[in-house]
Amino acid sequence: MDLDVHLEAIGAGDTQAFARWVAGAEPAVRASLAPFAAQVDVEVVVQEALLRAWQLAPRVQRDGKANCLLRFSVRAARNLAIDEVRHRRREVVRPPSDEELPVAPVEPDPLLRRAIEECRAKLPKNPSRALLARVEAQGTESDSKIAERLGMKLNTLLKNFGRARQFLLECLERRGVHVGRELSL
Amino acid sequence: MKPEERQVLIERVVSAHRALDPLERLKSEPAFHDLDEAGRREAYELAVKTRLLEAALDEAGLSSTGRAVLARITRR
């Protein structure tokens, strides 16, 4: 899959095209940061790298290979992570060569979607509420606010969310779906 | 640290929500710095799985990370 089919539209400011690109690109960007997971808050780096992809897409030149913008983003993410490590530890970190960077986009999987929907329908009430609330918050609302909205204590919300995820993962495994396996977890 | 407290810290790191500093840059989640290296790796692995689940539950295939980034660019 070549996510550069969206490059021209993204460069022209089409946020819908960027959303389609992000859906395929984000897992690869996050996976590329696995070596830094103990040193930097990967979530921050992933979001900043995706934001840079949006900002710099108009200037990204195709080089004849697939997934040009994704490769740019993976490189940007690794460089941001290295900068953060250097900043915090004042140590020399070797930048990766392009050959070392994983750039496999994730394709939509309708079977996984259906399996998750079926598993979600079986979730106990409170884990289900916690999961739905976090999904609906779309990463823009703090857990404290979500907990307040649901009338739950913060720790209760977080525990319920963890239970919901565990329930879904186990339900999917019983169906032969191993989430994250393709990303070598 | 009790296992229950550790789990709460991990769940906070797993969230895609990050506060912004005055220069509109994302700040790292404070709970990340309260975890040891094993806890941070565990949070990373859970975040990978969580984002894949979220994306599969979303009509446009976006995780909460993707949604948070889209929210940032559309409100600029």
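Residues numbered from 1 in each chain as written. Chains lettered and ligands numbered in written order. Predicted model: local features only at pLDDT ≥ 70, side-chain atom pairs only at ≥ 80, totals over all residues. Heavy atoms only, no water.

Caption draft 1: A look at the state of the cysteines. Residue and element names in this part refer to chain A. Using the criterion set out here, one finds one disulfide over all chains in the structure. Two residues share a disulfide in this structure: C119 and C171, whose sulfurs sit 2.0 Å from each other. Taking the sign of the S-S torsion, -80° for the link of C119 and C171, the bridge is left-handed. Here C119, found in helix 5 (residues 110-120), pairs with C171, found in helix 8 (residues 154-174); they are 52 residues apart in sequence, far enough to count as distant. (Disulfide = S-S within 2.5 Å. Helix = DSSP H or I, 4+ residues; strand = E, 2+ residues; numbered from the N terminus.)

Caption draft 2: Fine view of helix 5 of chain A. Along helix 5 of chain A, the residues that are buried comprise A:L112, A:A115, A:I116 and A:C119. One side of helix 5 of chain A carries all its buried residues, which in axial view fall inside an arc of 100°. Exposed positions of helix 5 of chain A whose direction lies more than 90 degrees from the buried face are A:P110 and A:R114. Tucked inside the fold, the buried residues of helix 5 of chain A contact helix 8 of chain A together with helix 3 (37-57) of chain B. (Buried < 20%, exposed > 50% of the residue type's maximum accessible area, 1.4 Å probe, protein only. Arc of directions from axis to C-beta. Contact = heavy atoms within 4.5 Å.)

Caption draft 3: Summary view of the packing of helix 3 (residues 42-56) of chain A against helix 4 (residues 64-74) of chain B. At a minimum axis distance of 10 Å, the contact between helix 3 of chain A and helix 4 of chain B shows a crossing angle of 50°. When the interaxial angle is binned, helix 3 of chain A and helix 4 of chain B end up oblique. When the axes of helix 3 of chain A and helix 4 of chain B are compared, the crossing they make is right-handed. Where helix 3 of chain A abuts helix 4 of chain B, its residues A:E43, A:V46, A:Q47, A:E48, A:L50, A:L51 and A:W54 lie against B:T65, B:A68, B:V69, B:R72 and B:I73. A per-class count over the contact of helix 3 of chain A with helix 4 of chain B returns seven nonpolar, two polar and three charged. (Axes fitted to C-alpha atoms, helices over the stretch in contact; angles between N-to-C directions. Parallel < 35°, antiparallel > 145°, perpendicular 65-115°, else oblique. Left-handed = near helix turned anticlockwise from the far one by under 90°. Nonpolar A, V, L, I, M, F, W, Y, C, P; charged D, E, K, R; others polar.)

Caption draft 4: Here's a closer look at the layout of surface pockets. Estimated volume of the largest pocket: approximately 630 Å³. Taken together, 35 residues line the largest pocket, and the ones lying closest to its centre are A:V106, A:E107, A:P108, A:D109 and B:A55. Elements that contribute at least two residues to the lining of the largest pocket include exactly helix 2 (15-32) and helix 5 of chain A together with helix 3 of chain B. Per-element accounting of the lining of the largest pocket gives the leading share, eight residues, to helix 2 of chain A. When the residues that make up the lining of the largest pocket are grouped by side-chain class, the tally is 20 nonpolar, five polar and ten charged. In this model, the second largest pocket occupies a volume close to 370 Å³. (1 Å grid on protein atoms, 1.4 Å probe; cavity = no way out; pocket = protein on both sides within 12 Å on 5 of 7 lines; lining within 4 Å. Points joined across faces, edges and corners; volume = space filled by probe spheres on them.)

Caption draft 5: Structural detail: the packing of helix 5 of chain A against helix 3 of chain B. Closest axis-to-axis distance for the helix 5 of chain A/helix 3 of chain B pair is 9 Å, and the angle between their directions is 95°. Classified by the angle their axes make, helix 5 of chain A and helix 3 of chain B are roughly perpendicular. When helix 5 of chain A is examined against helix 3 of chain B, the residues A:L112, A:R113, A:I116, A:E117 and A:R120 are found in contact with a partner set consisting of B:L53, B:A55, B:A56 and B:L57. Grouping the amino acids of the contact of helix 5 of chain A with helix 3 of chain B by side-chain chemistry returns six nonpolar, no polar and three charged.

Caption draft 6: Highlighting the packing of aromatic side chains. Residues and elements named next belong to chain A. This model, assessed by the stated rule, comprises two aromatic pairs over all chains. For the pair F18 and W21, a centre-to-centre distance of 5.7 Å together with 15° between the ring planes defines the contact as stacked. Separated by three residues within a single helix, F18 and W21 lie in helix 2, roughly one turn from each other. Each of the two residues, F18 as well as W21, counts as buried. Consider the rings of F18 and W54, whose centres lie 5.1 Å apart with planes at 50°: the pair is tilted. You can see F18 sitting in helix 2 and its partner W54 sitting in helix 3, a full 36 residues away along the chain. Grouping residues by exposure puts F18 and W54 together as buried. (Phe/Tyr/Trp six-rings, centres within 6.5 Å; stacked < 30°, edge-to-face > 60°.)

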